[in-house]
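# Fold and contact review
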Amino acid sequence: MEFVDTLVQVLGSTIRVSVPLLLACLAGLYSERAGIFDIGLEGKMLAGAFAGAAAAAVLNSGWIGLLVGILISVALALVHGFASITHRGNQIVSGVAINFVAAGSTIILGQAWFQQGGRTPALGPDQRFEPIVWPFADAVRGVPIIGPLYSNVISGQTLLTYFAFLMVPVTWWVLYRTRFGLRLRAVGENPAAVDTAGISVAWLRYRAIICTGVLCGIAGCYLSMAQGAGFVKDMSAGRGYIALAALIFAKWRPVPAMFACLLFGFLEAAAIRWQSQLSTVVPVQVIQALPYILTVILLAGFIGKAIPPRAGGVPYVKER
Amino acid sequence: MSTPFAKLPRWVDYGVIPVVNLLMAFIVAGIVVLLVGENPLRAAWAMIDGAFGSGRNIAYTLYFATFFIFTGLAVAVALHAGLFNIGGEGQAFVGGLGVGIVALALDRYVPWYITFPVAIAAAALFGALWALIPAYLQAYRGSHIVITTIMFNYIAGSLMVFMLNNPLKPLGSMAPQTRMFEAGAQLPKLNWIFGLLGMQVRSSPLNITFLLALVTAFLIWLLIWRTRFGYELRTLGHSPKAARYAGMSEKRIVIITMLISGGLAGMMALNPVMGDQHNVSLDFVAGAGFVGIAVALIGRGHPAGIVVAAILFGALYQGGTELSFQMPDITRDMIVIIQGLVILFAGALEHMFRPWIQTLFATLSPKSMNLGVAKGA
């Protein structure tokens, strides 16, 4: 019974740590499916986390915080678009630049505005997204297996968590069942064909990048306003890159993306929970490095081949 | 077309355009300083004074520049072959492991001038090995080198935490670092050079690795522009198709280029590990691998440009430290912003100002762009 309890706890925290990965992963999916590589998920997430927490603290509202976080993240996404769509710059270089600008400015501005060593003020219950307790969560806790699962894993998550998981079928639907989604996938494979059909490649890609910005902003706000209660410097801690790894792992498809994020989330949660027991068998560092190692193995083509969208990373030049 | 399709004179291409890009980066950085509530011009002056105001400050500037020469060269060599090595950070980290192992093995038995060449070889070897797997995967399995090198940065982090917590940690010590090296693995300082110039520098971390960096820059210039292999790697970078038609082995070039690139990044570790702090700790790379990207872009891939750009970034680091004493709100993280902006303007947006500058030059002096000849007579 104790084992079941522990497992349920780990599953609960798996969900919690998977959410930012999942949101960032889906964010990257829109952009990369449209043919724009995005190394800058990390930076957008970090900037969104900072802007969200700062605005929520100053303006005293979680929802306004979320809005500001999204706006800042979209602004950075548009910079990426301006460089890589309008000016046909190197998409990788642009993404790296955005990561640095976000990493530096969140620390500098945080310190200058709040004087707490790069932190934003701690957020109260109204300023952040609190866990939602579902009906009868306490009542069914005693029921074996289903009870703890219901009360610890399904109930007690924040609104943003449910939103993140809802975005998986939504993204699937947008991508495979709407006109916008068809065009978005086409522009990532063969932009010239889309152009011939009389659709603006640039505007389509800009729209994809705005979707990326919105989701990255929410991912950041989840970190600082749902999981945490305030911004801490470097709080994205490489999650943007893990999300990118998950995206490749999922071969740029929404539903596998969710499972990849849950897998990486489970590794993180398990590493934290069983740190002391595991360290006698394998070094903790091996578990921490596992998502990266798995991604490399996948990239090497040993677990099926990950083929990126064909026009990914290539700026589109209209023929004259 | 309004913009003339002509080449700019070399001095504009290598001089004016980087300066314009830098200026844009500094203007935006100035806006951040304004947001913080300080005067950007005063901040700029404090930085310049902090970087070059005294012999000691210059020595620190050159010490930081040493890091960036190595990492900048590492990025540039790969870029010439069309590869984006973003893994300098991890390669330098693992290079430090090589330096540490050599230093710990030899420091009690031989003088520094015997340890040094062995440590150089070990640093380059370890850094190169860390780049080998991403290189192999790029060449033979077609996986994207940007992603694999990022992954290897994180794996390097985990590896080093493990190494410094277990095999390399002295008994009874809590901190994740090696023991201090004895005199046999401590590199001589270069403070005497400032003595010759009439400046007193009592203590600074500037050491002979700086000279090694300059020599390396020259050797890399030879390699890229004066050897057969350099020709091949530039061909691959310009046009993979042309390289294939010419019968060059793409796989071989990718692997060798990445080994050189990783080796250069690894050699960076000599500077802090043997030159200054005399042990291997967890923070000796401190982002220098990433600064290399900005340095390579501003230096336009040329070793001479990279040395200049590295000194510029060394000045930003050193000046930034002094600045943070005067304006406590502007910490060293300001450099990270400037670095990001430089990468944005000099890298991703490099085409933004070029048409304007081309038009400007075409109007001002058509001859300098060979337009007069084309239209003429």
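Residues numbered from 1 in each chain as written. Chains lettered and ligands numbered in written order. Predicted model: local features only at pLDDT ≥ 70, side-chain atom pairs only at ≥ 80, totals over all residues.

### Considering the overall build of chain B
The secondary structure content of chain B amounts to 17 helices and zero strands. Structurally, chain B occupies a C-alpha span of about 80 × 55 × 40 Å along its principal axes. A buried classification covers 51% of the 377 residues belonging to chain B. Relative to all contacts within chain B whose residues are 6 or more apart in sequence, the contacts with residues 24 or more apart total 77%. (Helix = DSSP H or I, 4+ residues; strand = E, 2+ residues; numbered from the N terminus. Buried ≥ 20, exposed ≤ 12 C-beta atoms within 10 Å, placed from the backbone. Contact = placed C-beta atoms within 7 Å.)

### Details of the overall build of chain A
Along chain A, the regular secondary structure elements total 13 helices and two strands. Computed over C-alpha atoms, the radius of gyration of chain A comes to 20 Å, within 12% of the 20 Å expected from 2.2 N^0.38 for 320 residues, which places it in the range of a compact globule. Referenced to the eigenvectors of the C-alpha coordinate spread, the extents of chain A come out at roughly 70 × 50 × 40 Å. A separation of at least 24 residues holds for 76% of the contacts in chain A among residues at least 6 apart in sequence. (Rg over C-alpha atoms; globule rule 2.2 N^0.38 Å.)

### Side note on helix 12 (residues 270-277) of chain B
Residue and element names in this part refer to chain B. Among the eight residues that make up helix 12, six are buried, leaving the element largely enclosed by the rest of the structure. Looking at helix 12, one finds that the buried residues are Leu 270, Asn 271, Pro 272, Val 273, Met 274 and Gly 275. Buried-residue contacts for helix 12 involve helix 3 (55-80), helix 4 (88-106), helix 5 (112-141), helix 8 (209-226) and helix 11 (250-267).

### A closer look at the interface of chain A and chain B
The interface is formed by 37 residues belonging to chain A together with 38 residues belonging to chain B. Broken down by secondary-structure element, the contributors of at least two residues to the side of chain A that touches chain B are helix 3 (62-86), helix 4 (91-114), helix 10 (239-249) and helix 13 (284-299) of chain A. The greatest single-element share of the side of chain A that touches chain B, amounting to 15 residues, is contributed by helix 4 of chain A.

### Comments concerning the nonpolar core
With 225 residues, the main nonpolar core has Leu 23, Cys 25 and Ala 246 of chain A together with Ile 343 of chain B as its most contacted residues. Per-element accounting of this core gives the leading share, 18 residues, to helix 3 of chain B. Two domains each put at least three residues into this core: domain 1 (1-38 + 329-372) and domain 2 (57-313) of chain B. The residues touching Ile 343 of chain B, leaving out its near neighbours within four places in the chain, are Val 93, Val 96, Ala 97 and Phe 100 of chain A together with Ile 293, Ala 294 and Leu 297 of chain B. (Core = buried A, V, L, I, M, F, W, Y, C linked by C-beta atoms within 7 Å. Domains from an automatic or database assignment.)

### Comments concerning helix 11 (residues 254-273) of chain A
Residues and elements named next belong to chain A. Look at helix 11: 28 Å from first C-alpha to last across 20 residues, which is about the 28 Å you get at 1.5 Å a residue. When we look at burial in helix 11, the residues that qualify are Pro 254, Ala 257, Met 258, Ala 260, Cys 261, Leu 262, Phe 264, Gly 265, Glu 268 and Ala 269. On its buried face, helix 11 is in contact with helix 1 (2-33), helix 6 (159-177), helix 10 and helix 13. (Expected span 1.5 Å × (residues − 1).)

### Describing the domain arrangement of chain B
All names here are of chain B. Split by domain assignment, chain B resolves into domain 1 (1-38 + 329-372) and domain 2 (57-313). Placing a centre on the C-alpha atoms of domain 1 and another on those of domain 2 gives a separation of 28 Å. On the domain 2 side, the residues contacting the eight residues of domain 1 number seven residues. Counting only elements with at least two residues in the side of domain 1 that touches domain 2, the list comes to helix 1 (10-36) and helix 15 (333-348). Take the side of domain 1 that touches domain 2: its biggest share by element is five residues, from helix 15. Within the side of domain 1 that touches domain 2, the residues separate by chemical class into six nonpolar, two polar and no charged. (Nonpolar A, V, L, I, M, F, W, Y, C, P; charged D, E, K, R; others polar.)

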